[in-house]
Amino acid sequence: MAAAEGGGAGAAAGPLFAGLADVSISEDIPVEGEISVPVGSHSPDEDYSTLDEPVKDTIMRDLKAVGKKFVHVMYPKKSSALLRDWDLWGPLVLCVSLALMLQGGSADSKEDGGPQFAEVFVIIWFGAVVITLNSKLLGGTISFFQSLCVLGYCVLPLTVAMLVCRLVLLAGSGTVSFIVRLIVVMAMFGWSTLASTAFLADSQPPNRKALVVYPIFLFYFVISWMILTFTPQ
Amino acid sequence: MAAADGLQFPEFADAASLLAANPDATTISIEEPADGTKSQRGRQQEPGREEDDELLGTDDSDKTELLAGQKKSAPFWTFEYYQTFFDVDTYQVLDRIKGSVFPVPGRNFVRLYIRSNPDLYGPFWICTTLVFAIAVSGNLSNFFIHLGKPTYHYVPEFRKVSIAATTIFAYAWLVPLALWGFLMWRNSKVMNIVSYSFLEIVCVYGYSLFVYIPTAILWIIPQKVVRWVLVMFSLCLSGSVLVMTFWPAVRDDNRRIALATVGAIILLHALLSVGCLAYFFDAPEVDFSAPIVPAHNGTTLIKAQ
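Residues numbered from 1 in each chain as written. Chains lettered and ligands numbered in written order. Predicted model: local features only at pLDDT ≥ 70, side-chain atom pairs only at ≥ 80, totals over all residues. Heavy atoms only, no water.

Regarding the pattern of salt bridges
As enumerated under the stated definition, the model contains 6 salt bridges over all chains in all. Among the ionic pairs, Arg208(A) bridges to Asp87(B), the shortest N-O distance being 2.9 Å. Taken together, the residues span two chains, with Arg208(A) in the loop between α8 (175-200) and α9 (209-228) and Asp87(B) in the loop between α5 (79-83) and α6 (90-101). Judged by relative accessible area, which is 11%, Arg208(A) ranks as buried. Of the charged contacts in the structure, one is a salt bridge between Asp89(B) and Arg208(A), with a shortest N-O distance of 3.0 Å. Residue Asp89(B) is located in the loop between α5 and α6, and its partner Arg208(A) is located in the loop between α8 and α9; the two belong to separate chains. Considered together, Asp89(B) and Arg208(A) belong to a single accessibility category, that of buried residues. Where salt bridges share partners, they join Arg208(A), Asp87(B) and Asp89(B) into one cluster. (Salt bridge = Lys/Arg side-chain N within 4 Å of Asp/Glu carboxyl O. Helix = DSSP H or I, 4+ residues; strand = E, 2+ residues; numbered from the N terminus. Buried < 20%, exposed > 50% of the residue type's maximum accessible area, 1.4 Å probe, protein only.)

Next comes the structure, spelled out in structure tokens:
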């Protein structure tokens, strides 16, 4: 049919379309594809939205994800599970519990006490944002929220250290307890820094790694200092 | 040079073979300034040119000069614009810190280290580190000074961190702003050879504050003499970096204005240092609560508390 059309057009238009007379579409090539437009969801079983599942399932899914990330932080193998599915529930829980534990009941005293709840909150979140901006400005390839997620989750060892410090302080606040607290806080500080560096260092350009690791070190150092100098009133 | 054979264009196929024929020729290689090329150039050039290479400094000087005109072309509301201020590698930051701690007399910090690539990484993180160093050291020092007293109850004094942060960041940003404005104003009246951009001034001030970090840590030692010696020493080091940077920018001006400017720079720097020492570090007290008692083996004991 196309050849006949080409021939007809060629005869009518003269030498202008002479080359088209040779063009032909072979009828051997099958034309494939679906041109029907799907109207609505034609298979209701495939679209099982999360609105229909029990509330327990929804909550347990997120809790399991958070718990898995906690385990990843305590045993930092080189896995990218923390980086792929970021969530900020874990950092929020850790930040709030750390800030609550740092309240020594100094609201009654008039002296310059430890950090207020809002101060701890601001330091952790603002510090994490600044470090993330720093690493992105230096050319890092990690996304904003992924970096916040990693930095927040790596506060977990320090929260554990705070818990241990409060328990040790219940037993007494002499020199021995201070040395125990110092060792625990230093160990957890090292653990936090190493864990976050293990997750974040790969996304940086190789000749700027130290420039990115140093602010992380400073961040966890400040948090460790707040934990170590906690004195109950 | 290879001999031209009539109108036939000579084949410059191999530089090495040409130089084998004529070893004293001056060669210019237009390849990328990689490490191997530079050492090759060094071997083939006349010995007199090595001095120029040393003055030029590191390998990336050619690249930096070429790229200087292409920087900061992104509009200021994009992220890439701010990325140009963080275009430094680890070794560059370390070099700049080294240059601020060991100032070479006669060498300008901006010309030698910044070289049209001012960065905001150094000033920002040095200021942050200094804030926490002063707060932590002050707290530790007060703890050790008041340790034995029965009425002393240790407090972490967390308020002082925000005061330290306000002071140091204000100094590191407002003083360069004022200085830059002043230099621009004088530039419109007197033609100066040397002029600095705002970011270069911020860079110099930021890196010059680095020497105060070990100074703040050493201020924990509760001896008045030690502290004041440290103040003088750090003021000399960082002050000399600032003076050597800004003296060429004002020396063409009226003599008195030039001296007043440099004097004001040093005075503000000294005020920062002395103010931090006075506010964050309590004075070490020495009480003579007992008269001098000669001990059994002849040495005298002074009971200090």
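Re the interface of chain B and chain A
Across the boundary between the two partners, chain B contributes 25 residues, which contact 31 residues of chain A. Counting the surface lost from both chain B and chain A, the interface buries some 2600 Å², and carbon and sulfur atoms represent 64% of this. On the chain B side of the interface with chain A, the three residues burying the most area are Trp125(B), Phe158(B) and Arg159(B), jointly 25% of the side's total. There are 3 salt bridges connecting chain B and chain A. Taken together, the elements giving at least two residues each to the side of chain B that touches chain A come down to α5, α6 and α8 (121-145) of chain B. Per-element tally for the side of chain B that touches chain A: the top contributor is α8(B), with 9 residues. (Contact = heavy atoms within 4.5 Å. Buried area = accessible area lost by both parts, 1.4 Å probe.)

Focus: the UniProt feature "transmembrane region" (unreviewed entry) in chain B
Residue and element names in this part refer to chain B. Taking the numbering used here, the UniProt-annotated feature "transmembrane region" (unreviewed entry) corresponds to residues 120-141, 161-185, 197-222, 228-250 and 257-281. Between the first and last C-alpha atoms of residues 197-222 the distance is 41 Å; the span itself is 69% helix and 0% strand. Annotation note: span residues 228-250, helix share 100%, strand share 0%, distance between end C-alpha atoms 30 Å. (UniProt positions renumbered as here; feature names shortened; annotations may be inferred.)

Things to note about the packing of α8(B) against helix α10 (residues 198-208) of chain B
Angle between the axes and distance between the axes: these two values describe a pair of packed helices. Residue and element names in this part refer to chain B. Axis separation between α8 and α10 bottoms out at 8 Å; the angle between their running directions is 35 degrees. α10 is crossed by α8, and the crossing has left-handed handedness. Packed against α8, whose contacting residues are Gly122, Pro123 and Ile126, the element α10 presents Val202, Cys203, Gly206 and Tyr207 at the interface. (Axes fitted to C-alpha atoms, helices over the stretch in contact; angles between N-to-C directions. Left-handed = near helix turned anticlockwise from the far one by under 90°.)

A closer look at the packing of aromatic side chains
Applying the stated criterion across every chain yields a total of 24 aromatic pairs over all chains. For the ring pair Tyr279(B) and Phe280(B), a centre distance of 5.0 Å and an interplane angle of 85 degrees mean the geometry is edge-to-face. Accessibility expressed as a relative area gives 40% for Tyr279(B), which makes it partly exposed. A relative accessible area of 4% means that Phe280(B) is categorised as buried. One aromatic cluster is present, built from ring pairs that chain together Phe189(A), Tyr214(A), Phe217(A) and Phe221(A). Taking NZ or CZ as reference, Lys160(B) lies 5.0 Å from the ring centre of Tyr279(B), over its face. It is Arg186(B) that lies over the ring of Trp185(B); its NZ or CZ is 5.2 Å from the centre. (Phe/Tyr/Trp six-rings, centres within 6.5 Å; stacked < 30°, edge-to-face > 60°. Lys NZ or Arg CZ within 6 Å of the ring centre and 35° of its normal.)

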